[in-house]
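Given next are the chains, with one letter for each unit.
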Amino acid sequence: MMNFISSFSLITQLDPTDYVGFSFFVSGMAMLAASVFFFLSLGSFEKKWRTSILVSGLITFIAAVHYFYMRDYWAEYADSPTFFRYVDWVLTVPLMCVEFYLILKVAGAKKSLMWRLILFSVVMLVTGYVGEAINRDNAWLWGLISGIAYFAIVYEIWLGQAKKLAREAGGAVLSAHKVLCWFVLVGWAIYPVGYMAGTPGWYEGIFGGLNLDVIYNLGDAVNKIGFGLVIYNLAIIASSKEVV
Ligand SMILES: *C/C=C(C)/C=C/C=C(C)/C=C/C1=C(C)CCCC1(C)C
């Protein structure tokens, strides 16, 4: 009977022992819950913080929608949904760059800072996609270029203009900026590990035993929800003081 039903059903069954599929499932649910949380909290903040919270919710919501699709893709084909993974990232990572700009606006951040971060992030992702999907034989080289763009982002926020603005803003903005910087340096470093686990190269012996999708799914949940919560916390503190 079960087989009869599943042969006609529109969705493929996710095997409960399939831990990769499970990580897609859990990550998607966590991201959906976070979106509901951010959207419903919108009313409790002063106007100037609402855009930041809205963007936090959009980041997790865009990811959740992609995760539901990627979960089914995995269940159906037992293959990495590489294309949709990168579509998700190319929408959400620039939005994370926008978050830096939004919180630093109080110190006079210019749009050029935002566009610079977005440009670096797009270079990082496009070259990563080429290495993973198009030119896998040279994955190490594309990964290296991608890594340089990643470090350009790290430099900009840790030591560059963004850091200077955060220092000028001081207080809760500076603290939030610091935590976001750690997310980018440590949390985002999860991704190159996933990349090395899933592409051919000299590093295969080191990371080859790990599963690319599990690592990416973990990274997304930690970073997207974590980023949102840092912004949420900042908005709470700033709204209650009515200054900053
Ligand atoms: C929500 C999604 C996020 C925060 C995705 C971040 C992705 C990265 C930081 C990816 C970085 C990569 C490298 C630094 C080198 C290898 C290729 C990538 C694209 C995996």
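Just so you know, these numbers come straight off a predicted model, no measurement behind them. (Residues numbered from 1 in each chain as written. Predicted model: local features only at pLDDT ≥ 70, side-chain atom pairs only at ≥ 80, totals over all residues. Heavy atoms only, no water.)

**Remarks on a nonpolar patch on the surface**
On the surface, Leu119, Val123, Trp140, Leu141, Leu144, Ile145, Ile148, Trp202 and Ile206 cluster together into a nonpolar patch covering about 920 Å² of accessible area. Contributions of two or more residues to the nonpolar patch are made by helix H5 (111–134) and helix H6 (139–158). Sorting elements by how many residues they give to the nonpolar patch places H6 first, with five residues. Looking at where isoleucine 206 falls in the secondary structure, it is placed in helix H10 (residues 204–207). According to the relative accessible area criterion, isoleucine 206 is exposed, its value standing at 57%. (Patch = residues over 30% accessible without salt bridge, like charges linked within 9 Å, V, L, I, M, F, W, Y side chains within 5 Å. Areas by Shrake-Rupley, 256 points an atom, 1.4 Å probe, with all protein chains shown as cover. Salt bridge = Lys/Arg side-chain N within 4 Å of Asp/Glu carboxyl O. Helix = DSSP H or I, 4+ residues; strand = E, 2+ residues; numbered from the N terminus. Buried < 20%, exposed > 50% of the residue type's maximum accessible area, 1.4 Å probe, protein only.)

**Here's the deal with the UniProt feature "transmembrane region" (unreviewed entry) in the chain**
The UniProt entry lists residues 20–40, 52–69, 89–107, 114–134, 140–158 and 179–197 under the feature "transmembrane region" (unreviewed entry), expressed in the numbering used here. In this annotation, residues 89–107 is assigned 84% helix and 0% strand; the end-to-end C-alpha distance for the span is 28 Å. (UniProt positions renumbered as here; feature names shortened; annotations may be inferred.)

**Observations concerning the packing of aromatic side chains**
Following the criterion strictly, the structure yields 22 aromatic pairs and no others. Judged by centre distance (4.9 Å) and plane angle (65 degrees), the ring pair of tyrosine 86 and tryptophan 89 falls under edge-to-face. Taken together, the residues span about one helical turn, with tyrosine 86 and tryptophan 89 both in helix H4 (residues 82–104) at a distance of three residues. Each member of the pair, tyrosine 86 together with tryptophan 89, is buried. Three or more aromatic residues joined by ring pairs make a cluster, and in this case those are Tyr69, Tyr73, Tyr77, Phe83, Phe84, Tyr86, Trp89, Tyr129, Tyr191 and Tyr216. (Phe/Tyr/Trp six-rings, centres within 6.5 Å; stacked < 30°, edge-to-face > 60°.)

**A look at the site of the ligand**
Taken together, 17 residues lie near the ligand, and Met124, Ser146, Tyr191, Asp220 and Lys224 sit nearest. Protein chains bury 99% of the 530 Å² of accessible surface belonging to the ligand in isolation. At five residues, the largest contribution of residues to the shell around the ligand is made by H4. A per-class count over the shell around the ligand returns 11 nonpolar, four polar and two charged. (Near = heavy atom within 4 Å. Nonpolar A, V, L, I, M, F, W, Y, C, P; charged D, E, K, R; others polar.)

**Section: unusual backbone geometry**
In this structure, alanine 78 takes a positive phi of about 50 degrees despite not being glycine. Turning to its location among the elements, alanine 78 is positioned in the loop between helix H3 (47–77) and H4.

**What to know about the environment of leucine 40**
Residue placement: leucine 40 occurs in helix H2 (residues 19–41). Leucine 40 sits in the exposed class, given a relative accessible area of 71%. Sequence-wise, leucine 40 and phenylalanine 120 are 80 residues apart; in three dimensions their C-alpha atoms are separated by 32 Å.

**Points about the UniProt feature "modified residue: N6-(retinylidene)lysine" (unreviewed entry) in the chain**
Per the UniProt record, "modified residue: N6-(retinylidene)lysine" (unreviewed entry) is annotated on Lys224. Note that lysine 224 resides in helix H11 (residues 212–241). Note on lysine 224: relative accessible area 2%, which makes it buried. With residues up to four places along the chain from it excluded, the contact list for lysine 224 reads Met31, Ile59, Thr60, Ala63, Asp88, Trp89, Thr92 and Met96. (Contact = heavy atoms within 4.5 Å.)

**Quick notes on the side chain of aspartate 18**
Turning to its location among the elements, aspartate 18 is positioned in the loop between helix H1 (2–8) and H2. Here aspartate 18 is buried and forms no salt bridge, its nearest opposite-charge partner arginine 71 lying at an N-O distance of 10 Å. In terms of polar contacts, aspartate 18 uses its side chain to reach the backbone amide nitrogen of glycine 21, at 2.9 Å. (Lys, Arg positive; Asp, Glu negative; His and termini not counted. Polar contact = N/O pair within 3.5 Å; in protein donor to acceptor, adjacent residues only side chain to side chain.)

**Quick notes on the nonpolar core**
Ranked by size, the top nonpolar core spans 70 residues in total, and within it Trp49, Ile53, Leu104, Met124, Val184, Trp188 and Phe227 carry the most contacts. Residues in contact with tryptophan 188, not counting those within four places in the same chain, are Val93, Met96, Met124, Tyr150, Ile153, Phe183, Asn223 and Phe227. (Core = buried A, V, L, I, M, F, W, Y, C linked by side-chain atoms within 4.5 Å.)

**With respect to the pattern of salt bridges**
Under the counting rule described, the total for this entry stands at six salt bridges. Between aspartate 72 and arginine 71 there is a salt bridge whose closest N-O contact spans 3.1 Å. Looking at aspartate 72, the relative accessible area reads 32%, which means it is partly exposed. Linking aspartate 213 and arginine 85 is a salt bridge whose minimum nitrogen-to-oxygen distance equals 2.8 Å. Separated by 128 residues along the polypeptide, aspartate 213 in helix H11 and arginine 85 in helix H4 bring together distant segments of the chain. With respect to burial, aspartate 213 and arginine 85 carry one shared label: buried. Counted as one network, the salt bridges with shared partners bring together Arg85, Asp213, Asp220 and Lys224.

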